[in-house]
Every structure is written in structure tokens, then in C-alpha cells.
Amino acid sequence: MPTRHSWLVAGGLIASGMAALLLSPTPVRAEVLYKLDTMCSVKGGAPQPCTVEAIDEGDATLYRHTIGKTVATIRVTDQPVTMALQKPGGGWMTLVNAGARFSTNTICFNNRDLCVVNPNYLNSVREDNPDSMDGRDLVIVHFNQAGRVNVSCYDDGCDVVKHEVNKK
């Protein structure tokens, strides 16, 4: 998988990891990277069947989650690393956070607003970053209002970050 999946890598590695889409003189051809039948949950609800399509659109990868008649699309960019949710009717809204739990192959966006079991994605993260991900289970990335990575944490360190955020 391309390096755009490295948003999960904390610290200096994550910082290394759309404007070109808008400024490109030639149209960008979307390419489906994979399609996965899996389980999703919305707003902390019960898991239900869903389909995830990973679509390469040049400098971004779109993850289209189809849950019944509902479609939620997450856009991930590399440079800079950003994540956003497509608004109804178009446009993008910056995510507050994204987290992955490797032991359950689960990725959640904006806490538990949208969660998906996606071993394809998480296996690619482990393959792209074997040393930094070795022995890790939980990784959470928080974004600022501009959509850039603001802070990231691993495992027990996420409790420290959560505690500090709640103190404010």
C-alpha cells in the first residue's frame, strides 16, 4: 500500500507521511485499490454489514463505506497527512481523530462515529512500518482545525493524552 497509510505512525514519522487534485491540468483517474465486505458501526451502534472501497485518486485515497443506504467517505492525504469526512452534498469536514486497534482490525473515526473492521488497511500499515508498529495495539491520531496531525499516541500513552485533554 502507498505511504498515505502512514497516518497511524506517531511522532516524527507521521509528520513525514489535495491541492494537486484541484490544480492538476489533466483529470485524475480514480482507481479502485480494493473492495472489502466487512462490518461497520455508526455512532457506537451495533455492527452491521458494510462494504469498503479504497479508491486511489492521485494525492488522496478515498475510503467509501456503504452501510445499507448510507455512504460515508473518508479522504486520506499524504502531504500533509490529513483525514476528512465528506459532507452530505459534497465538501469535506476535518476529522477530530482517528484510531486503530490492531487486535480487532478496527478503525474508528471521530471517536466512535464510524467504525469499520478493515484488516486490509491495518495489515498494510504494519507492513509499511514494521519497526514502529511492532508490539503496538492501539494508535490514535488527533487533528487540528486545519486537518493536520496535532498529536498522536500509542497504547497506554493514549490514556495520558485523554487525561490531559479532559483537564482543559
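Scroll up a little and you will see the structure.
Residues numbered from 1 in each chain as written. Predicted model: local features only at pLDDT ≥ 70, side-chain atom pairs only at ≥ 80, totals over all residues. Heavy atoms only, no water.

### Observations regarding the overall build of the protein
Which entries qualify depends on this criterion: Per the convention used, a helix needs a DSSP run of H or I reaching at least four residues, while a strand needs a run of E reaching at least two, with both numbered from the N terminus. With a 1.4 Å probe rolled over the protein chains alone, any residue whose accessible area is under 20% of its type maximum counts as buried; one over 50% counts as exposed, and the rest are partly exposed. Here the open area of atoms and residues is found with the Shrake-Rupley method and a 1.4 Å probe, where only the protein chains shown may cover a residue.
A tally of helices and strands in the protein yields five helices and eleven strands. By residue count, 41% of the 168 residues in the protein fall in the buried class. When the accessible surface of the protein is split by element, carbon and sulfur atoms take 52% of a total near 9,200 Å².

### Considering the pattern of salt bridges
The line we're drawing: In what follows, salt bridge is the name for a side-chain nitrogen of Lys or Arg lying within 4 Å of a carboxyl oxygen of Asp or Glu.
Following the criterion strictly, the structure yields four salt bridges and no others. Close ionic contact of Glu53 with Arg64 constitutes a salt bridge, the shortest N to O distance being 3.3 Å. Linking Glu53 in strand β2 (residues 48-56) with Arg64 in strand β3 (residues 60-67), this pair joins segments that are eleven residues apart in sequence.

### Describing the environment of Gln86
Checked against the element boundaries, Gln86 lands in strand β5 (residues 82-86). In this structure the C-alpha to C-alpha distance between Gln86 and Ala72, which are 14 residues apart in sequence, comes to 6.9 Å.

### Concerning the packing of aromatic side chains
Two aromatic rings, taken as a pair, are described by how far apart their centres are and by the angle between their planes. Quick reminder of the rule: Here is the rule: rings of Phe, Tyr and Trp (six-membered ring for Trp) pair when centre to centre is within 6.5 Å. Planes less than 30 degrees apart are stacked, more than 60 are edge-to-face, and the remainder are tilted. Remark: a charge is flagged as sitting over a ring if the NZ atom of Lys or the CZ atom of Arg is within 6 Å of the ring centre and within 35 degrees of the ring normal.
Counted under the stated rule, the structure contains one aromatic pair. Taking the centre distance of 5.3 Å and the plane angle of 85° together, the rings of Tyr63 and Tyr121 count as edge-to-face. Here Tyr121 lies in helix α3 (residues 119-128) and Tyr63 lies in strand β3, a separation of 58 residues in the sequence. Tyr121 shares its class with Tyr63; the two are buried. A cation sits over an aromatic face here: Arg126 above Phe102, 4.1 Å from the ring centre. Of note, Arg136 hangs over the ring of Tyr154, and the distance from its end group to the ring centre comes to 3.7 Å.

### Some details on the pairing of strand β8 (residues 106-109)
Each regular strand displays side chains that alternate between the two surfaces of the sheet. Spelled out, the test is: When DSSP locates at least two bridges between a pair of strands, those strands are taken to pair.
What you see with β8 is no split at all: Thr106 and Cys108 on one side and Ile107 and Phe109 on the other are buried throughout. Of the strand pairs in this sheet, strand β7 (residues 97-101) and β8 are connected by four bridges, and their pairing is antiparallel. Paired with Arg101 across the bridge in β8 is Thr106. Hairpin connection, β7 to β8: the antiparallel pair is bridged by four residues, and Asn105 has positive phi, about 55°. In this structure, β8 lies alongside strand β9 (residues 114-117), joined through four bridges in antiparallel fashion. When the sheet's bridge partners are listed, Cys108 is paired in β9 with Cys115. A loop of four residues connects β8 with β9, the two strands running antiparallel in sequence, and Asn110 in this loop sits at a positive phi of about 50°.

### Points about the state of the cysteines
By definition, a disulfide links the sulfur atoms of two cysteine residues through a covalent bond. Filter applied, for reference: Note on terminology: disulfide denotes any pair of cysteine sulfur atoms within 2.5 Å.
In total, this model carries three disulfides according to the counting rule given. One disulfide in the model links Cys40 with Cys50; its S-S distance is 2.0 Å. A torsion of 65° about the S-S bond marks the disulfide between Cys40 and Cys50 as right-handed. On the criterion of sequence distance, the pair formed by Cys40 in strand β1 (residues 31-42) and Cys50 in strand β2 is long-range, its members being ten residues apart.

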